[in-house]
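# Architecture and fold: a report
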Amino acid sequence: MSAPETACLLPEQACDSHIHVIENPVSYPFTPVRSFTPGLAPLDRFLPLAAGHGISRAVVVQPSVYGADNRCLLATLDRRPGQLRGVAVIDAQTSEASLQDMDSRGVRGIRLNLVSSGSLGPEAAVQAIDAAVRLIEPLGWHLQVFVRAALLDHLEPLLRELPVALVLDHMGYIDATQDVRQPGFRALLRLLADGRCWVKLGGAHHISPDELGNPQVDRYARELVAANIERLVWGSDWPHFAKHARKIQATPERVGFRNLNYAALIAMLVRWLDASPAALEQVLVTNPRRLYGFDSDDGIEVDPGAMT
């Protein structure tokens, strides 16, 4: 499916709910405490790509390489107010004034990464979630958690009682090489069906060694759609970082980008939703509007001829 074909299929104000922006590290230095060193993925490269494929809104997620320094994220949001929303990373040193400033500039949640710095055990994960919730609850933000599905069984009782909205990354970071009856996935389905979490469809390249060609991923995605389509959003995970060690390193390895076709990622979503216009509207427009607070008719307006 080509870019013009995907653009024709998507509803107006379609949103890519998970992208990363990496600008020049001279202006926005990477944290020394990181698991990899990426190449550049500037906003100016994403905007024409999105517009050429029928995507007019996006959610910029703070990548782990910046740690809790959100300057690049905020500068990105400032360039397209109303069209972009942000998910930040914070720590214990983040002040209330900083949180208020981020809120005014389009941040609507924080990301808690329990994977890229080395997987945490159940007790440490509970402590990290509790600390994050205390900081964001007054703002009404959501908590986006990147966690291995195997841990969801242990965390389910806590996650059910969170006083903030919960978003789970990359289809719950399930292991698509395992059967759909795996315990972590059943916990994910229960949370989703009961409206206790949101799930980001997409990220098939994270959960399957076959990246985009594993029919088992389709089965997982369809089960999520059947469980509760009103709590699903879609994200491309652009610019698609290549695999890395996912542990803090003294000399972080240099990592390039996977050669994933944006149109193919959209086509995969269309397949999961059986090309239903109503379902595409729900996942790409209605749900992101509710979760991220898009409240205007603005969209990314870029000449599709400039697409890269």
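Residues numbered from 1 in each chain as written. Predicted model: local features only at pLDDT ≥ 70, side-chain atom pairs only at ≥ 80, totals over all residues. Heavy atoms only, no water.

Glancing now at the sheet that holds strand E5 (residues 107-113). A sheet is described by the order of its strands in space; here eight strands give the open sequence E1-E3-E4-E5-E6-E7-E8-E9, paired in parallel fashion. Among the strands making up the open sheet, the edge pair consists of strand E1 (15-19) and strand E9 (232-234). Averaged over all pairs of adjacent strands, the angle between strand axes in this sheet comes to 25°, irrespective of strand direction. Inspection of the sheet shows strand E4 (residues 84-88) paired to E5 by three bridges, in the parallel sense. Pairing of Ala88 across the sheet is with Ile110, part of E5. (Pairing = 2+ DSSP bridges. Helix = DSSP H or I, 4+ residues; strand = E, 2+ residues; numbered from the N terminus. Axes fitted to C-alpha atoms, helices over the stretch in contact; angles between N-to-C directions.)

Here the focus is the side chain of Asn287. Structurally, Asn287 is set in helix H11 (residues 277-292). Separated by 2.7 Å, the side chain of Asn287 and the backbone oxygen of Leu232 make a polar contact. When residues no more than four places from it in sequence are discounted, the contact partners of Asn287 are Trp198, Ile229, Glu230, Arg231, Leu232, Val233 and Gln282. (Polar contact = N/O pair within 3.5 Å; in protein donor to acceptor, adjacent residues only side chain to side chain. Contact = heavy atoms within 4.5 Å.)

We now examine unusual backbone geometry. That bond from Trp238 to Pro239 is cis: its omega, 10°, falls within 30 degrees of zero. Looking at the element boundaries, Pro239 is found in the loop between E9 and strand E10 (253-255). Even without being glycine, Gln13 reaches a positive phi, approximately 65°. Among the secondary structure elements, Gln13 is positioned in the loop between helix H1 (3-9) and E1. Within the chain, Met171 stands out as a residue other than glycine whose phi angle is a positive 55°. Turning to its location among the elements, Met171 is positioned in the loop between strand E7 (166-168) and helix H7 (183-193). Classification of Met171 as buried rests on a relative accessible area of 0%. (Buried < 20%, exposed > 50% of the residue type's maximum accessible area, 1.4 Å probe, protein only.)

Time to look at the packing of helix H6 (residues 152-160) against H7. Two packed helices can be described by the angle between their axes and the distance between those axes. One can describe the packing of H6 onto H7 by two numbers: an axis separation of 9 Å at closest approach and a directional angle of 20°. As judged from the angle between their axes, H6 and H7 are roughly parallel. The two elements H6 and H7 cross, and the hand of that crossing is left-handed. Within the contact between the two elements, H6 uses Leu152, Asp153, Glu156, Leu159 and Arg160 and H7 uses Pro183, Gly184, Ala187, Leu188, Arg190 and Leu191. Counted by class, the contact of H6 with H7 contains six nonpolar, one polar and four charged residues. (Parallel < 35°, antiparallel > 145°, perpendicular 65-115°, else oblique. Left-handed = near helix turned anticlockwise from the far one by under 90°. Nonpolar A, V, L, I, M, F, W, Y, C, P; charged D, E, K, R; others polar.)

This part covers the packing of H7 against helix H9 (residues 215-228). One way to put it is that H7 packs onto H9 with a least axis distance of 8 Å and a crossing angle of 30°. By the angle class used here, H7 and H9 are roughly parallel. Two packed elements cross with a definite hand, and for H7 against H9 that hand is right-handed. In this structure, H7 contributes Phe185, Arg186, Leu188, Leu189, Leu192 and Ala193 to the contact, and H9 contributes Tyr220, Glu223, Leu224, Ala227 and Asn228. Of the residues contributing to the contact of H7 with H9, the split by class is eight nonpolar, one polar and two charged.

Let us now look at the nonpolar core. Most often, soluble globular proteins have nonpolar side chains that are buried together. Of all hydrophobic cores here, the largest spans 90 residues; its most connected members are Leu143, Met171, Leu188, Leu201, Leu224, Trp234 and Leu269. Sorting elements by how many residues they give to this core places helix H10 (residues 262-272) first, with seven residues. Cys15, Val87, Val167 and Phe294 belong to the second largest nonpolar core, which has ten residues in total. (Core = buried A, V, L, I, M, F, W, Y, C linked by side-chain atoms within 4.5 Å.)

For E5, the buried fraction is high: six of the seven residues fall into the buried class. The parallel pair E4 and E5, bridged by helix H4 (residues 96-104), forms a crossover whose chirality is right-handed. As paired strands, E5 and strand E6 (residues 142-146) are joined by five bridges and run parallel to one another. The partner of Arg111 across the bridge, within E6, is Gln144. (Right-handed = clockwise from strand over helix to strand, strands pointing away.)

A word on the packing of aromatic side chains. A full pass over the atoms with the stated rule returns nine aromatic pairs. Aromatic side chains Phe46 and Trp238 sit 5.3 Å apart centroid to centroid with 50° between the ring planes, which places their arrangement in the tilted category. Of this pair, Phe46 sits in helix H2 (residues 43-52) while Trp238 sits in the loop between E9 and E10; the two residues are 192 residues apart in sequence, bridging distant segments of the chain. Each member of the pair, Phe46 as well as Trp238, carries the same accessibility label: buried. Taken together, the ring pairs connect Phe46, Trp234, Trp238 and Tyr262 into an aromatic cluster. (Phe/Tyr/Trp six-rings, centres within 6.5 Å; stacked < 30°, edge-to-face > 60°.)

Predicted confidence across the protein chain gives a mean pLDDT of 89, with 91% of residues reaching 70 or more. With pLDDT under 50 throughout, residues 302-308 is counted as low confidence; its partners more than four residues away or in other chains account for 13 contacts. (pLDDT = per-residue confidence, 0-100.)

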